Amino acid sequence: MNAETPQKRIAIFGSTGSIGTQALEVIAANPGLFSAEVLTAHHNDELLVQQALQFNPNIVVIVDEKKYQKVKQALAHTDIKVFSGEKSLEEVASMDCFDLMLAAIVGYAGLKPTLCAINKGKVIALANKETLVVAGDIIMRKAVENRVPIIPVDSEHSAIFQCLVGETRNKIEKVLLTASGGPFLGRKPNYLVNVKREHALQHPNWSMGAKITIDSATLMNKGLEMIEAKWLFNLKPEQIQVVVHPQSIIHSMVQFEDGSIKAQMGLPDMKLPIQYALAFPRRIPNQFPRADFKKINTLSFEEPDIKTFRNLALAMDALQKGGNLPCIMNAANEVAVFAFLHNRISFLDMTDVIEKTMAGVSFIANPTLEEYFESDGEARNFAADIIKL
Ligand code: NAD
Ligand code: MG
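Residues numbered from 1 in each chain as written. Chains lettered and ligands numbered in written order. Predicted model: local features only at pLDDT ≥ 70, side-chain atom pairs only at ≥ 80, totals over all residues. Heavy atoms only, no water.

**Q** Any chance you could break down the overall build of the protein chain for me, citing the residues and the numbers?
**A** Within the protein chain one finds 16 helices and 11 strands. Its C-alpha radius of gyration of 20 Å places the protein chain within 12% of the 21 Å reference for a compact globule of 389 residues. Based on the C-alpha atoms only, the size of the protein chain along its principal axes is roughly 60 × 50 × 40 Å. In the protein chain, which comprises 389 residues, the share counted as buried stands at 55%. The contacts of the protein chain with a sequence gap of at least 6 include a subset with a gap of at least 24, amounting to 67%. For the protein chain, the accessible area works out to roughly 17600 Å², and carbon and sulfur atoms hold 52% of it. (Helix = DSSP H or I, 4+ residues; strand = E, 2+ residues; numbered from the N terminus. Rg over C-alpha atoms; globule rule 2.2 N^0.38 Å. Buried < 20%, exposed > 50% of the residue type's maximum accessible area, 1.4 Å probe, protein only. Contact = heavy atoms within 4.5 Å. Areas by Shrake-Rupley, 256 points an atom, 1.4 Å probe, with all protein chains shown as cover.)

**Q** Now, about the sheet that holds strand β8 (residues 172–179): what can you tell me, with residues and values included?
**A** One open sheet accounts for four strands, arranged β9-β8-β10-β11; its pairing is mixed. Each of the sheet's edge strands pairs with one partner strand only, and the pair in question is β9 (240–244) and β11 (261–265). Averaged over neighbouring strand pairs, the angle between their axes works out to 20° when direction is ignored. Sheet topology places β8 next to β9; five bridges connect them, and they run parallel. Bridge pairing in β9 links L176 to Q241. In the packing of helix α7 (residues 155–163) onto the sheet, the strands contacted are β8, β10 (250–256) and β11, and the crossing angle to β10 comes to about 40°. (Pairing = 2+ DSSP bridges. Axes fitted to C-alpha atoms, helices over the stretch in contact; angles between N-to-C directions.)

**Q** If you had to explain the coordination of the magnesium ion (ligand 2) to someone new, which residues and values would you point to?
**A** Tetrahedral coordination by four donors puts the ideal angle at the metal at 109.5 degrees, and octahedral coordination by six puts it at 90 or 180 degrees. Around the magnesium ion (ligand 2), the donor atoms from the protein are D154 (OD), E156 (OE) and E225 (OE), and they sit 2.1 to 2.2 Å away. Of note, the magnesium ion (ligand 2) draws all its donor residues from one chain, in the sequence arrangement D-x1-E-x68-E. We classify D154 as buried; its relative accessible area is 8%. (Donors = N, O, S within 2.8 Å, 3.2 Å for Na, K, Ca; no water.)

**Q** Give me the environment of A117: which residues, what numbers.
**A** Tracing the sequence through the fold places A117 in helix α5 (residues 111–119). For the pair A117 and T351, spaced 234 residues apart in sequence, the C-alpha separation works out to 34 Å. Setting aside anything within four residues of it in sequence, one finds A117 in contact with A93, M101, K122 and I124.

**Q** Describe the domain arrangement of the protein chain, and please don't skip the residues or the numbers.
**A** Here the domain parsing of the protein chain yields domain 1 (8–152), domain 2 (168–269 + 293–313) and domain 3 (322–389). Once you take the C-alpha centre of each, domain 2 and domain 3 turn out to be 22 Å apart. With 20 residues of domain 2 at the interface, the matching set in domain 3 holds 16 residues. Here domain 2 packs against domain 3, burying approximately 1600 Å² in sum over the two surfaces, 70% of which is carbon and sulfur. (Domains from an automatic or database assignment. Buried area = accessible area lost by both parts, 1.4 Å probe.)

**Q** Requested: an account of the site of ligand 1, with residues and values cited.
**A** Residues in contact with ligand 1 amount to 23 residues; listed here are only the nearest, T16, S18, H42, E130 and G209. The separation between an oxygen atom of ligand 1 and a polar main-chain atom of G14 is 3.3 Å. Coverage of ligand 1 by the protein chains reaches 86% of its 830 Å² of free accessible surface. Elements represented by at least two residues in the shell around ligand 1 include exactly α1 (18–29) and α6 (129–145). Tallied by class, the residues present in the shell around ligand 1 amount to 12 nonpolar, eight polar and three charged. Two domains each put at least three residues into the shell around ligand 1: domain 1 (8–152) and domain 2 (168–269 + 293–313). (Near = heavy atom within 4 Å. Polar contact = N/O pair within 3.5 Å; in protein donor to acceptor, adjacent residues only side chain to side chain. Nonpolar A, V, L, I, M, F, W, Y, C, P; charged D, E, K, R; others polar.)

**Q** Which residues make up the packing of aromatic side chains, and what values do they have?
**A** On inspection of all chains with the given rule, the structure shows seven aromatic pairs. Ring geometry for F161 against Y276: centres 6.4 Å apart, planes inclined by 80°, an arrangement best described as edge-to-face. Here F161 is found in helix α7, whereas its partner Y276 is found in helix α12 (residues 271–279), with 115 residues between them in sequence. Each member of the pair, F161 as well as Y276, is classed as buried. Ring centres 6.1 Å apart and planes at 55° place the aromatic pair F184 and Y191 in the tilted group. Under the relative-accessibility criterion, F184 is labelled buried at 3%. The ring of F373 carries K112 above its face, with NZ or CZ at 4.5 Å from the centroid. A cation sits over an aromatic face here: R187 above Y191, 3.8 Å from the ring centre. (Phe/Tyr/Trp six-rings, centres within 6.5 Å; stacked < 30°, edge-to-face > 60°. Lys NZ or Arg CZ within 6 Å of the ring centre and 35° of its normal.)

What follows is the structure, encoded as structure tokens:
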């Protein structure tokens, strides 16, 4: 560690997931710059204990209380503190033992701990896009009030963020949010009707957790990302354009008032945006594979097919109408994806569940935080009733 750059103390909320484990690789490669002070997992006690023994954090949280004793015993010979239960995520998020929270829990469950860390003035490296989809207005307002930087980890938003460095006084005309198109690019409903869980879990370019992989196959992921971009960069819906770019080399672009377009490029590897967010404002060296333009001979672009991938059309509607509609959509989507992953509904049923829930739960134009929580609960019940979960 050198005196000018003190070691950043990192809390990884969701350390056992795809983003969490890759973040720990970045931390392990840069021990002078980062230390892992908090690690949290939902139920994967074995991996959490292994991570704790390797990184010696201050605190670990195992949300599943049935696993508490096992984790406690496995770490009894260390001075690592062990917490358990959903509420402990918020307690730990409010503690002083870290500087930066990597918000890498999947879904709505990430919202409350992230809000606690913002209220405590912690820097947020945000992977959990659902937090902004559910309550983006409140999150961004609290971040401003507490002078908290929110640094995106999602590759597209990291790309936009990187394109905006040095452009604070310049207006954005629009952002071009790139999408790989997922495993079913070019397919039509007559194909999608028979798609099984195993097909949908095969993403061509990225290896990610199950929920986001399904969201990528339905294009809901891009819809969530449009809403995420609106809040992060203070954009109007018409300033956000989705461009399908199957090679996933350009991670997104910003077009300025003079028509000039900046793009951020690289191989599709989440460690890059994770490292950028952890080290920001510095860039630090690494050994990740480099893009080789002698081998990348095509960068192609096309329009998203929102007639086939109707989840993206629903998300565009939620983005336009705002209020609690994105929150309702997100809750219905989480229930639908869960049901699809458990072979309870088909690929195309997911869209019907979301559409009906968006139509069925009452719209609130300017919700309070409590009303967002209530809308989430109501939408989950509504969606579960449709599926008969
Ligand atoms: P994942 O499923 O691999 O991991 C999720 C993590 O959250 C795990 O550590 C799990 O223990 C924890 N978790 C799950 N449910 C929880 C709950 N109810 N309470 C507390 N903890 C819980 O997911 P992931 O792919 O790492 O994605 C994490 C977040 O990052 C998502 O919001 C996703 O959209 C976003 N993201 C992921 C990628 C990627 O490449 N994986 C890329 C961009 C954005
Ligand atoms: Mg993304």
